[in-house]
Amino acid sequence: MSRSVAIDGPAGAGKSTIAKLVAKELGFIYVDTGAMYRAMALYLLRKGIDRNDTDGIESACELADISLDYVDGQQIVLLMGENVNGYIRTEEVGNMASASSVNPKVREKLVSLQQKLASEKDVVMDGRDIGTVVLPDSRCKIYLTASTAVRAKRRYDELVAKGADADLAQIEADIAERDERDMTREHSPLRRAEDAVLIDSSDMTIEEVKDRILEEAGKKL
Ligand code: DC
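A brief report on the enclosed structure follows. (Residues numbered from 1 in each chain as written. Predicted model: local features only at pLDDT ≥ 70, side-chain atom pairs only at ≥ 80, totals over all residues. Heavy atoms only, no water.)

Strand order in the open sheet formed by three strands is β3-β4-β5, and the pairing between neighbours is antiparallel. Sheet topology places β3 (66-71) and β5 (82-83) at the edges, where each strand pairs with a single neighbour. As judged from the six bridges shared by β3 and strand β4 (residues 74-79), these two strands associate in the antiparallel manner. Paired with S67 across the two strands is L78, which belongs to β4. Seen against the sheet, helix α2 (residues 33-46) touches β3, β4 and β5 and runs at an angle of roughly 30° to β4. (Pairing = 2+ DSSP bridges. Helix = DSSP H or I, 4+ residues; strand = E, 2+ residues; numbered from the N terminus. Contact = heavy atoms within 4.5 Å. Axes fitted to C-alpha atoms, helices over the stretch in contact; angles between N-to-C directions.)

This next bit is on unusual backbone geometry. What you tend to see is this: most non-glycine residues have negative phi, and most peptide bonds are trans. With a phi close to 50°, M80 is a non-glycine residue in the positive phi region. Looking at where M80 falls in the secondary structure, it is placed in the loop between β4 and β5. Positive phi is not limited to glycine here, since S188 has a value of about 45°. With respect to the element layout, S188 can be found in the loop between α8 (168-184) and β8 (197-200).

Attention shifts here to the nonpolar core. Looking at soluble globular proteins, one finds that nonpolar side chains tend to be buried together. The biggest cluster of nonpolar side chains holds 35 residues, and the ones touching the most others in it are M40, L44, I66, V77 and M125. Where this core is concerned, the elements lending two or more residues are α2, α3 (54-63), β3, β4, α4 (91-100), α5 (104-120), β6 (123-127) and α6 (130-134). With nine residues, the top contributor of residues to this core is α2. When neighbours within four sequence positions are excluded, V77 is seen to be in contact with A35, A39, I66, S67, L68, E82, N83, V84, N85 and I88. Listed in part, the 19 residues of the second largest apolar core include I7, I18, V22 and I142. (Core = buried A, V, L, I, M, F, W, Y, C linked by side-chain atoms within 4.5 Å. Buried < 20%, exposed > 50% of the residue type's maximum accessible area, 1.4 Å probe, protein only.)

Within the open sheet, the five strands sit side by side as β2-β6-β1-β7-β8. Their pairing is parallel. Pairing within the sheet leaves two strands with one partner each, and these edge strands are β2 (29-32) and β8. In this sheet, adjacent strand axes meet at a mean angle of 20° when their direction is disregarded. Strand direction decides the pairing type here: strand β7 (residues 140-145) and β8, joined by four bridges, are parallel. In the sheet register, L144 faces β8, and the bridge partner there is I199.

As a further point, take the site of the ligand. Near the ligand you find 15 residues, and of these R38, R107, R128, D129 and R185 are the closest. In the model, a nitrogen atom of the ligand is placed 2.9 Å from a nitrogen or oxygen of the D129 side chain. Separating an oxygen atom of the ligand from a side-chain N or O atom of R185 is a distance of 2.9 Å. Elements represented by at least two residues in the shell around the ligand include exactly α2, α4 and α8. The leading source of residues in the shell around the ligand is α2, at four residues. (Near = heavy atom within 4 Å. Polar contact = N/O pair within 3.5 Å; in protein donor to acceptor, adjacent residues only side chain to side chain.)

With that settled, consider the environment of G34. Along the chain, G34 turns up in helix α2. Taking the C-alpha atoms as reference points, G34 and S16, separated by 18 residues in sequence, lie 9.2 Å from one another.

Further remarks concern the packing of aromatic side chains. Inspection of the entire model under this criterion finds zero aromatic pairs. Seen from the ring of Y87, R46 lies directly overhead, with NZ or CZ sitting 5.3 Å from the centre. (Phe/Tyr/Trp six-rings, centres within 6.5 Å; stacked < 30°, edge-to-face > 60°. Lys NZ or Arg CZ within 6 Å of the ring centre and 35° of its normal.)

Next up on the list: the pattern of salt bridges. Considering all chains together, one arrives at 18 salt bridges under this definition. A salt bridge links D182 to R185; the nearest nitrogen and oxygen atoms lie 4.0 Å apart. On the basis of relative accessible area, D182 is assigned to the buried category, the value being 3%. A salt bridge links K210 to E207; its shortest N-O distance comes to 3.3 Å. (Salt bridge = Lys/Arg side-chain N within 4 Å of Asp/Glu carboxyl O.)

An ideal rise of 1.5 Å per residue puts 20 Å on 14 residues; helix α7 (residues 148-161) measures up with 20 Å between its terminal C-alpha atoms. Here the buried face of α7 lies against α2, α4 and α8. (Expected span 1.5 Å × (residues − 1).)

Shown next, in the form of structure tokens:
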């Protein structure tokens, strides 16, 4: 049976940075499920579908062909066969992903893809519902969080490093709004699985968080 590390937590907690490092150490494949919801959001934005148009989202999502590929250990998200890694990291796509991921049809489609991947390979998978819905039987579950202010500052620094325009107050407001929506939605809200280990990364270095998770994986897998 394949093994998994399931990492959930709010936006900007450092999940993807840490999950990538953990996957490398363990020799597992890293699956960024947020990137899949982002690719779906990009598809909907390109089709000009409004975030409140439930019927439009439901019929369009059936046509969206999303898959993952790996090149030199890096995850590539393919939308209709096109590598869209370069288009999915904007705030616009992130906000649309948060809005469209409340839809059960969108979730159903992406969850089954994620479960199939995890049944074939050893994975470190991160998202919002990995420990609760996608891989409820995972033996190693982590809930990674950090304060809103710390998470906003990390996103801000990331954008500035890329040379993008960034407004810290706006980012903090967006993060708070996205948390609220991700945690209160009806289907698969973000919550800590009962058997998930809680890690607050606000005052920890990346190295410390990675080592903490590897220690857990060592014990449980
Ligand atoms: O982790 P991220 O910021 O790339 O995720 C973008 C959005 O996708 C997030 O606001 C909520 C949604 N998402 C989800 O609903 N379930 C997941 N497993 C991963 C992401």
